[in-house]
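# Analysis of the macromolecular model
The lines below spell out each chain.
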Amino acid sequence: MATGRTHRPATRSRGIPEATVARLPLYLRALTALSERSVPTVSSEELAAAAGVNSAKLRKDFSYLGSYGTRGVGYDVEYLVYQISRELGLTQDWPVVIVGIGNLGAALANYGGFASRGFRVAALIDADPAMAGKPVAGIAVQHTDELEQIIADNGVSIGVIATPAGAAQQVCDRLVAAGVTSILNFAPTVLTVPDGVDVRKVDLSIELQILAFHEQRKAGEDAGHEAPPPAPARSSAPATERKGPDGDMPAVMPA
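I will try to describe carefully the structure that is included in this document.

### Describing the packing of helix α1 (residues 18–36) against helix α3 (residues 55–64)
Angle between the axes and distance between the axes: these two values describe a pair of packed helices. Between α1 and α3, whose axes approach to 11 Å, the crossing angle comes to 105 degrees. In terms of their interaxial angle, α1 and α3 are classed as roughly perpendicular. Where α1 approaches α3, its residues Thr20, Arg23 and Tyr27 are matched on the opposing element by Lys57, Leu58, Asp61, Phe62 and Tyr64. Among the residues forming the contact of α1 with α3, the class breakdown is four nonpolar, one polar and three charged.

See below:
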């Protein structure tokens, strides 16, 4: 089986927009669920609803893949699974290293979805000498001193950073220098990388903050639907008075 270092996905060379690339995993997830239920074909409307997009956008996305479906029949589920998997590079073996085996790193190592989607956890790496040799998800943790050799031995081109923020950039620099060209960053910091290196950032706290914003917005809208408080009573007495030729008169005449 081909390794990730010698093969790159064809999406860029074929001019597929990044927005379409970002939606392909959504289609693949929906199609995989249909395949597991032995559903042979699916309409664009059904698949779009399952993926959470509109059908016109789905048809446009699939046109970039050269897949147009059959009128009155829809799309062949198994063929689309293969087609999208191939476009995403998931028909290859992608060795991945995870750096930072704290609670999050260990959870990622134990995630079973990697292997079923073409990603093989080749190594777990941590800076703590006490972690060296300890098994996590059936893989012995290795020290960061061995990072470069591990990448070379396994042909790794994808690295996952799950370190504290303060260590993330240094780890990133070492990964890039060793030949890693794609990084998934879970550390709560922005990484600086050279051209030709792709970084995807996953920040759970930011996602929660965005949800909190929407919750606050909804609460404000609910409050806005309530009856407004009564306006204060209008006083009949003038606020200020001035002298007129016939005595005292209001400075502002009532309407």
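### Focus: the side chain of Thr163
Examined against the element boundaries, Thr163 turns out to sit in the loop between β7 (158–161) and α8 (165–177). Under the relative-accessibility criterion, Thr163 is labelled buried at 11%. Those residues in contact with Thr163, other than ones at most four positions away along the chain, are Val99, Gly100, Ala168, Val171 and Ala187.

### Overview of unusual backbone geometry
You will see that Ser38, though not glycine, has its phi angle at about 60 degrees, which is positive. Along the polypeptide, Ser38 turns up in the loop between α1 and β1 (41–42). The phi dihedral of Ala137 falls on the positive side, at around 55 degrees, and the residue is not glycine. Tracing the sequence through the fold places Ala137 in the loop between β5 (135–136) and β6 (139–143). On the basis of relative accessible area, Ala137 is assigned to the partly exposed category, the value being 39%.

### Remarks on the packing of aromatic side chains
Here the structure, examined in full by the defined rule, presents three aromatic pairs. Ring geometry for Tyr27 versus Phe62: centroids 5.0 Å apart, planes at 75 degrees, classification edge-to-face. A residue pair is termed long-range when its members are at least 10 positions apart, and Tyr27 in helix α1 and Phe62 in helix α3 qualify at 35 residues. Relative accessible area serves as the criterion here: at 0%, Phe62 is assigned to the buried category. Ring geometry for Tyr111 and Phe114: centres 5.1 Å apart, planes at 85 degrees, overall edge-to-face. Residue Tyr111 is classed as partly exposed on the basis of its relative accessible area, which comes to 46%. Among the aromatic residues, ring-to-ring pairing joins Tyr27, Phe62 and Tyr75 into one connected group.

### Structural notes on the pattern of salt bridges
With the rule as written, the count across this model stands at six salt bridges. The residue Asp61 makes a salt bridge to Arg23 at a minimum N-O spacing of 2.7 Å. Of the two residues, Asp61 is situated in helix α3 and Arg23 in helix α1; the sequence distance between them amounts to 38 residues. With respect to class, Asp61 is no different from Arg23; both count as buried. We note a salt bridge from Glu148 to Arg174, for which the minimum N-O separation is 2.8 Å.

### Quick notes on the packing of α1 against helix α2 (residues 44–51)
As a packed pair, α1 and α2 sit with axes 9 Å apart at the nearest point and diverge in direction by 110 degrees. With respect to α2, the element α1 is oriented roughly perpendicular. Once α1 is placed against α2, the crossing between them reads as right-handed. Touching Leu26, Tyr27, Ala30, Leu31 and Leu34 of α1 are Leu47, Ala50 and Ala51, all from α2. Of the residues contributing to the contact of α1 with α2, the split by class is eight nonpolar, no polar and no charged.

### Section: helix α7 (residues 147–154)
For an α-helix the count is 3.6 residues per turn, leaving residues at separations of three or four pointing the same way. Of all the positions in α7, only Leu147, Ile150 and Ile151 are classed as buried. Looking down the long axis of α7, one finds its buried residues gathered within 100 degrees of arc, a one-sided arrangement. More than 90 degrees from the buried face of α7, the exposed residues found are Ala152 and Asp153. Along its buried surface, α7 packs onto β3 (94–99), β4 (119–126), β6 and α8. At the C-terminal side of α7, Gly155 shows a positive phi close to 60 degrees.

Calculation notes
- Residues numbered from 1 in each chain as written.
- Predicted model: local features only at pLDDT ≥ 70, side-chain atom pairs only at ≥ 80, totals over all residues.
- Heavy atoms only, no water.
- Axes fitted to C-alpha atoms, helices over the stretch in contact; angles between N-to-C directions.
- Helix = DSSP H or I, 4+ residues; strand = E, 2+ residues; numbered from the N terminus.
- Parallel < 35°, antiparallel > 145°, perpendicular 65-115°, else oblique.
- Contact = heavy atoms within 4.5 Å.
- Nonpolar A, V, L, I, M, F, W, Y, C, P; charged D, E, K, R; others polar.
- Buried < 20%, exposed > 50% of the residue type's maximum accessible area, 1.4 Å probe, protein only.
- Phe/Tyr/Trp six-rings, centres within 6.5 Å; stacked < 30°, edge-to-face > 60°.
- Salt bridge = Lys/Arg side-chain N within 4 Å of Asp/Glu carboxyl O.
- Left-handed = near helix turned anticlockwise from the far one by under 90°.
- Arc of directions from axis to C-beta.

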